[in-house]
Amino acid sequence: MMLLCLHICCHPLSGRKDERKEVSASLDLLHLLDEGRLSMSIRYSFHESWSMEGRTSLPVLQKHEADPDEKEHDSGLSWKQSPTTDPVMEYPEYGIGMTYWPKEHMNGPYLTLRCTCGIGMGADMVSGAGYAITIRNGLGIETGFEIHVLSIAGNGTRRKRHMNFGIFYRF
């Protein structure tokens, strides 16, 4: 009985034999410019409306070292954190998630739910929405907004919301 229930619940996600499976790779340019992190993801479409995603974010650009006067100003007179105390730059992040595409994989609006984990940072649940446009021959752009909806680590130093803008290639 349990196997029958699982089959009925999962059958719409299993796809049909005539569907084309697609893989896409993307690079988030806004994350690279804003935080100095290289964020890459790979999505595998296992159904016309669903895809699985694997993502990594690695620190590649070092932020400048603040002089003592700037550190004093930032700690005493400003809400802005000093770049030397920002723990996001120290650790890589990894994530796995699901994306729902109402139209088709990597074309049109999407909703995503992903679990991310940074070494030494704990795990987060991230929810997002965006839009992807294929420009030519599988090459396209995507933009969106992501919100960290649940944080196991509970530290307030991580960015809780961010925009993304990047390029992708659909194989």
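This report concerns the structure included in the present document. Bear in mind the structure is a predicted one, so any value in this text is a computation, not a measurement.

## Notes on the overall build of the chain
Then step 1. From N to C terminus, the chain includes 3 helices and 8 strands.
Then step 2. Its helices and strands taken in sequence order, the chain reads α-β-α-β-β-α-β-β-β-β-β from the N to the C terminus.
Then step 3. Relative to its full complement of 171 residues, the chain shows a buried share of 36%.
Then step 4. Here the contacts in the chain between residues at least 6 apart in sequence split such that 51% fall between residues at least 24 apart.

## Quick word on the packing of aromatic side chains
Aromatic ring pairs: the centre-centre distance and the angle between the two ring planes describe each pair.
Then step 1. Per the counting criterion, the structure on display carries 3 aromatic pairs.
Then step 2. Considering the side-chain rings of Trp-101 and Tyr-110, the 4.9 Å spacing of their centres and the 45° angle between planes classify their relative orientation as tilted. One exposure class covers both Trp-101 and Tyr-110, and it is buried.
Then step 3. Look at Tyr-169 and Phe-171: their rings are 5.0 Å apart centre to centre, the planes differ by 75°, and that puts the pair in the edge-to-face class.
Then step 4. On the accessibility criterion, Tyr-169 (37% relative accessible area) is partly exposed.
Then step 5. Overall, Phe-171 belongs to the exposed group, its relative accessible area being 60%.
Then step 6. The aromatic ring of Tyr-110 is capped on one face by Arg-43, whose charged end is 5.4 Å from the ring centroid.

## Some words on the pattern of salt bridges
Then step 1. Applying the stated rule across the entire model yields 8 salt bridges.
Then step 2. In this structure, the salt-bridge partner of Glu-53 is Arg-43, at a minimum N-O distance of 3.9 Å. You can see Glu-53 sitting in strand β3 (residues 50-59) and its partner Arg-43 sitting in strand β2 (residues 37-45), a full 10 residues away along the chain. Arg-43 shares its class with Glu-53; the two are buried.
Then step 3. Here Glu-53 ties to Arg-114 by a salt bridge, and the two come within 3.6 Å at their closest N and O atoms. Here the residue Glu-53 occupies a position in strand β3, and Arg-114 occupies one in strand β5 (residues 108-118), the gap between them amounting to 61 residues.
Then step 4. For Glu-53, a relative accessible area of 2% puts it in the buried group.
Then step 5. One connected set of salt bridges, linked through shared partners, spans Arg-43, Glu-53, Arg-55, Arg-114, Glu-142 and Glu-146.

## Some remarks on the nonpolar core
Then step 1. Core analysis: the largest hydrophobic core is formed by 5 residues, namely Trp-101, Met-106, Tyr-110, Ala-132 and Phe-168.
Then step 2. Non-local contacts of Met-106, meaning those with residues more than four positions away in its chain, are made with Ser-24, Arg-43, Trp-101, Ala-132, Thr-134, Glu-142, Phe-168 and Arg-170.

The rules behind the values
- Residues numbered from 1 in each chain as written.
- Predicted model: local features only at pLDDT ≥ 70, side-chain atom pairs only at ≥ 80, totals over all residues.
- Heavy atoms only, no water.
- Helix = DSSP H or I, 4+ residues; strand = E, 2+ residues; numbered from the N terminus.
- Buried < 20%, exposed > 50% of the residue type's maximum accessible area, 1.4 Å probe, protein only.
- Contact = heavy atoms within 4.5 Å.
- Phe/Tyr/Trp six-rings, centres within 6.5 Å; stacked < 30°, edge-to-face > 60°.
- Lys NZ or Arg CZ within 6 Å of the ring centre and 35° of its normal.
- Salt bridge = Lys/Arg side-chain N within 4 Å of Asp/Glu carboxyl O.
- Core = buried A, V, L, I, M, F, W, Y, C linked by side-chain atoms within 4.5 Å.

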